[in-house]
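Commentary on secondary and tertiary structure
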Amino acid sequence: MRFARTIAGMVLLALGVPALLAGAGLWLAAGHADPDGGFGARFEPVRTPARAVLVTDVDALLRTDLPVARTGQARLHLTARDDRGPVFLGLAPADEVRRWLADVPHSTVRRVAVTRGPLPVDLDPATAGDGVAVPLAQPFWVREGIGSLEWSPPELGGRSLSLVVMRVDGADGLDLRMRGELRAGWFPGLAWALLTGGTLLVVLAVVVVLLRPLRPREVVFVVEPDQVPVLAGRLGVTSLSGLGRQPGPASRPERHLVAVGSGAHGRTRAAIAPPPGRCPDDQD
């Protein structure tokens with residue numbers, strides 16, 4: 001039983017401690033949220049001689065660099081501008097964008113590192129080409145905006161969509177200053193749930209391991225046979241006829257415990273004699 005309680009306590013600790021740590025981490029992160037509950041960050045300046053900056057698969061990029069944005073009802077909000085003003089941002093099916101930009105010089109985003117401070121953006125070198133593309137004339141955009149773009153990644157997570165950032169007129173040479181914001185209403189609730197659940201699991205594990213059921217204590221008296229009647233009287237036992245009787249046939253004679261032993265003049269010796277008053281040598 002003790003071994004089972006130990007195993008149960010270890011399992012509860014293995015579940016409770018990670019939940020408690022995750023909840024504490026989310027709670028600390030929630031302290032850096034904006035007043036409206038969102039988490040905003042600036043990107044490092046993106047400079048390229050190309051006509052467009054392309055994220056080939058937005059869902060794959062979020063899965064690698066920002067998986068929390070793909071859960072619940074999270075929403076992403078991007079703003080972008082260059083030295084000439086706001087730029088175009090659009091989401092469209094990846095195969096449509098690939099055909100559209102086949103001859104247009106563009107730089108592909110390889111990775112966006114989520115760190116403290118401005119977020120670094122890794123770009124591949126611009127592709128070769130002399131084509132010109134004007135984004136506002138295209139009908140395949142799923143989401144589009146001038147200067148800003150907002151969408152819910154969970155709603156579009158099952159589709160292969162590309163993000164395109166370029167000037168409205170399609171001119172080359174981009175010097176982008178971008179900012180992103182993530183809004184997740186479930187964030188504080190999840191932090192509280194993990195903190196509460198982890199604490200309860202840890203407390204329950206401690207109780208299971210340390211709390212032991214109380215067992216009745218057994219007292220065993222080892223006495224001489226002639227002291228049994230005196231001990232029985234002190235314990236309040238009125239009959240000793242059943243003590244020591246073994247189960248067996250009805251013909252077996254019953255045994256009774258009685259006081260035995262005689263003194264020097266044939267008198268019965270007390271089972272527990274009183275202490276002597278004085279030694280013979282003290283009478284002189």
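From a predicted model like this one, the values you see are computed outputs, not experimental measurements.

A count of helices and strands for the protein chain gives six helices and 12 strands. Partitioning the contacts of the protein chain with sequence separation of at least 6, the portion at a separation of at least 24 is 80%.

Further remarks concern the pattern of salt bridges. Taken as a whole, this structure holds seven salt bridges when the rule is applied. Within this structure, Asp82, Asp83 and Arg167 form a network of salt bridges that share partners.

Along the polypeptide, Thr199 turns up in helix H5 (residues 187–210). The sequence separation of Thr199 and Leu13 amounts to 186 residues, and the corresponding C-alpha distance is 9.8 Å.

A few words now on the layout of surface pockets. Reported here for the largest pocket is a volume of approximately 1,000 Å³. In terms of lining, the largest pocket is formed by 34 residues, of which the most central are Phe39, Ala41, Leu66, Val114 and Leu119. Of all elements in the fold, only strand S1 (38–42), strand S3 (52–55), helix H2 (58–65), strand S4 (75–82), strand S7 (106–112), strand S11 (161–166) and strand S12 (174–183) reach the threshold of two or more residues within the lining of the largest pocket.

Quick look at the pairing of S11 now. Within S11, six of the six residues are buried, which leaves the element mostly enclosed by the surrounding structure. Here S11 shows no split at all, with Leu161, Leu163 and Val165 on one side and Ser162, Val164 and Met166 on the other all buried. Summarising the sheet, S3 and S11 pair through four bridges and their orientation is antiparallel. Counterpart to Val53 in the pairing with S11 is Val165. Sheet topology places strand S6 (residues 88–93) next to S11; six bridges connect them, and they run antiparallel. Of the residues in S11, the one forming a bridge with Gly90 is Val164.

With that settled, the discussion passes to the packing of aromatic side chains. Here the structure, examined in full by the defined rule, presents four aromatic pairs. In this structure an aromatic cluster arises from ring pairing among Phe88, Trp100, Phe140 and Trp141.

The six strands are arranged S8-S7-S3-S11-S6-S9 in an open sheet whose pairing can be described as mixed. What marks the edges here is a single partner per strand, and that holds for strand S8 (121–123) and strand S9 (143–146). Going across the sheet, the axis of each strand differs from the next one's by a mean of 25 degrees, ignoring polarity. Sheet strands touched by H2: S3, S6, S7 and S11. Its angle to S7, the strand with the most contacts, is close to 30 degrees.

This part covers the nonpolar core. Of all hydrophobic cores here, the largest spans 30 residues; its most connected members are Trp151, Leu163, Val165 and Leu176. Of all the secondary structure elements, the ones that give two or more residues to this core are S3, H2, S4, S6, S7, strand S10 (148–151), S11 and S12. Here this core takes four residues from S12, the largest share from any one element. One finds Ala52, Trp100, Leu101 and Trp141 within the second-largest nonpolar core, a separate group that totals 13 residues.

To continue, consider the confidence of the model for the protein chain. Chain-level pLDDT for the protein chain is 75 on average; 69% of the residues reach the 70-or-more range. Mean pLDDT in the protein chain bottoms out at helix H1 (residues 2–30), which sits at 72, and peaks at S6, which reaches 94. Across residues 251–264 the pLDDT falls below 50, and counting only partners more than four positions away or on other chains, this stretch makes 20 contacts in the model.

What follows covers H2. For H2, the complete set of buried residues consists of Val58, Asp59, Leu61, Leu62 and Asp65. On an axial view of H2, the arc spanned by its buried residues comes to 160 degrees, and they lie on one face. Its side-chain oxygen placed 3.2 Å from the backbone nitrogen of Asp59, Asp57 serves as the N-cap of H2.

Reading the values: the criteria
- Residues numbered from 1 in each chain as written.
- Predicted model: local features only at pLDDT ≥ 70, side-chain atom pairs only at ≥ 80, totals over all residues.
- Heavy atoms only, no water.
- Helix = DSSP H or I, 4+ residues; strand = E, 2+ residues; numbered from the N terminus.
- Contact = heavy atoms within 4.5 Å.
- Salt bridge = Lys/Arg side-chain N within 4 Å of Asp/Glu carboxyl O.
- 1 Å grid on protein atoms, 1.4 Å probe; cavity = no way out; pocket = protein on both sides within 12 Å on 5 of 7 lines; lining within 4 Å.
- Points joined across faces, edges and corners; volume = space filled by probe spheres on them.
- Buried < 20%, exposed > 50% of the residue type's maximum accessible area, 1.4 Å probe, protein only.
- Pairing = 2+ DSSP bridges.
- Phe/Tyr/Trp six-rings, centres within 6.5 Å; stacked < 30°, edge-to-face > 60°.
- Axes fitted to C-alpha atoms, helices over the stretch in contact; angles between N-to-C directions.
- Core = buried A, V, L, I, M, F, W, Y, C linked by side-chain atoms within 4.5 Å.
- pLDDT = per-residue confidence, 0-100.
- Arc of directions from axis to C-beta.
- Polar contact = N/O pair within 3.5 Å; in protein donor to acceptor, adjacent residues only side chain to side chain.

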